[in-house]
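Structure assessment
Residue-level listing of the chains:
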Amino acid sequence: MNDQTTTYDVIVIGGGAVGENVADRTVQGGLSTVIVESELVGGECSYWACMPSKALLRSGAALSAARRVGGAAEAATGELDVAAVLRRRDSFTSHWADDGQVGWLDSAGIALVRGHARLSGVREVTVTGTDGMTTVLTARHAVVVSTGSSAVLPDIPGIGTVDPWTSREATSVQHIPESLAIIGGGVTAAEMATAYTSLGARVTLIVRHSLLGKEEPFAGELVIEALRAAGATVLTGEAPVLAMRSADGDGDVVLTLASGGTVTATEVLVATGRAPRTDDLGLASVGLPDGGWLTVDDTLLVQGDAADLAGDWLYATGDVTHRALLTHQGKYQARAAGDVIVARASGRAVDDSPWGTHVATADHSAVPQVTFTDPEVASVGLSQAAAEKAGLRIRVLDYPIGSVAGASLQADGYTGMARAIVDLDREVLIGVTFVGQDVAELLHAATIAVVGEVPISRLWHAVPAYPTMSEVWLRLLEAYGRP
């Protein structure tokens, strides 16, 4: 039954970090806004992705870092306290309770409706609560889809009989399994292989093609080398997993590989891709296909042929746009979307030129990302392969980070690599990659250089402090030479 109808200026479907940011911007712009959330306010990042995964990784990384420094290494003779690591992880997820996030919504003046949201017409959303009651919400100006993505399980014979993990189970586990097989070659697979190896599990990582294949090739190679040195088994270039089954008697899972071999493990993590959470969103009611990614323009307006879309009211931000499946990039989109919704609602001019106030231009060529493996992989912009595919005239600059004085102080025998891609026609950086211990904090300087299109000639005047790892910037410039 329909028990009430409520009107707001803006309706945001999805209360994760991205949806929260959209709502914050629209409320700050004077628009009444409601978030509809079917699970926990704070979303995937807060409870099953960014925060718990990095908490699982951090203790092992800190211990490994101590063991690479003479004097500290002699003191760091124990093993990780796994129970303490899990307790610390639990603290970052607030024990999977969203009271704090709900309190923030209230303090920010953002309304919350709990339940499953479906588009039911132009600027109309029907929410079904857990009690079966429905609420019809209408928007004066905009509806924003920020429902994120979910893990995809491939069609492998037997997969339904072995209860495999996805990223959610891997980041919320309460007991570390004796052994873990991981299928996949992306960020989740690499990070969880690193975390579970440090936590004492026997890890087998099965990579069909290459590890971290969207990064520079040396990134995956250095991570594989480190995983093997830490005790993990990494199978690269393997044919697909042909089947899964429970082992006789002991509850383990047996994976059969097309290469003829088998892998047996206590648990299996499948990390082979993501799908948009749009299959039960009511997209068909506004002329869009259910279950698909949502194509948007740079102001995050959903694009489509349906006449119902005319009027500039349906937006999408975050994973569902398939532009960059990263929390920080989704929040960037959210800021642009929130601000442009306010501008359009108030009749103010919209700045939708490249790098303008109301667009997410960086999605195309300046996306920063850190993979928190050990070594870390930090990159922004185009890889060499992507730049070549784009037909750009480039020069590739490489330098071993371990040769920088600051890196040698950071860790004995520091191993790492830096690469910068220069657009020769404009003499600006279009891509930078760092691989090594503690390189994540080098990334934002690279992001500023790429986004700001800082000329190489001006970068010579950005003097890195000595002795820090940032001196790698000077070495890259020296490799290029004075313009």
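So, here's what we can say about the structure.

Definitions and limits used
Residues numbered from 1 in each chain as written. Predicted model: local features only at pLDDT ≥ 70, side-chain atom pairs only at ≥ 80, totals over all residues. Heavy atoms only, no water. Helix = DSSP H or I, 4+ residues; strand = E, 2+ residues; numbered from the N terminus. Buried < 20%, exposed > 50% of the residue type's maximum accessible area, 1.4 Å probe, protein only. Contact = heavy atoms within 4.5 Å. Axes fitted to C-alpha atoms, helices over the stretch in contact; angles between N-to-C directions. Parallel < 35°, antiparallel > 145°, perpendicular 65-115°, else oblique. Left-handed = near helix turned anticlockwise from the far one by under 90°. 1 Å grid on protein atoms, 1.4 Å probe; cavity = no way out; pocket = protein on both sides within 12 Å on 5 of 7 lines; lining within 4 Å. Points joined across faces, edges and corners; volume = space filled by probe spheres on them. Nonpolar A, V, L, I, M, F, W, Y, C, P; charged D, E, K, R; others polar. Pairing = 2+ DSSP bridges.

1. Here we look at the environment of Val451
Topologically, Val451 is positioned in helix α14 (residues 443-451). Classification of Val451 as partly exposed rests on a relative accessible area of 31%. With 403 residues separating them in the primary sequence, Val451 and Trp48 have C-alpha atoms 30 Å apart. When neighbours within four sequence positions are excluded, Val451 is seen to be in contact with Trp355 and Ala366.

2. Describing the packing of helix α3 (residues 50-66) against helix α8 (residues 187-198)
With their axes 9 Å apart at the nearest point, α3 and α8 run at an angle of 50 degrees to one another. As far as their axial angle goes, α8 and α3 are oblique. For α3 against α8, the interelement crossing comes out left-handed. Taken together, the residues of α8 that come into contact with α3 (itself represented by Ser53, Lys54, Leu56, Leu57 and Gly60) are Glu191, Met192, Thr194, Ala195 and Ser198.

3. Brief notes about empty space enclosed by the protein
A full pass over the atoms with the stated rule returns 1 cavity of 30 Å³ or more. Considered as a void within the structure, the largest cavity measures approximately 50 Å³ in volume. Forming the walls of the largest cavity are Leu397, Ala420, Val422, Leu429, Ile456, Trp473, Leu476, Leu477 and Tyr480. Elements with a minimum of two residues in the lining of the largest cavity: β20 (417-423) and α16 (472-480). A class-by-class count of the residues in the lining of the largest cavity yields 9 nonpolar, no polar and no charged.

4. Some thoughts on the sheet that holds strand β11 (residues 241-246)
Taken together, 3 strands build an open sheet; the order of strands is β11-β12-β13 and the sheet is antiparallel. Only two strands of the sheet have a single neighbouring strand rather than two, namely β11 and β13 (262-265). Averaged over all adjacent pairs, the angle separating strand axes in this sheet is 20 degrees, with direction ignored. As defined by bridge partners, β11 adjoins strand β12 (residues 253-257) across 5 bridges and the pair is classed as antiparallel.

5. Concerning the layout of surface pockets
Roughly 200 Å³ of volume is contained in the second largest pocket. What lines the second largest pocket is simply Leu442, Ala445, Ala446, Ala449, Leu459, Ala462, Val463, Pro464, Ser470, Trp473 and Leu477. Looking at the lining of the second largest pocket, the elements that each hand over two or more residues are α14 and α16. Of the residues belonging to the lining of the second largest pocket, the class tally is 10 nonpolar, 1 polar and no charged.

Geometric descriptors of this kind do not, in isolation, establish any biological role.
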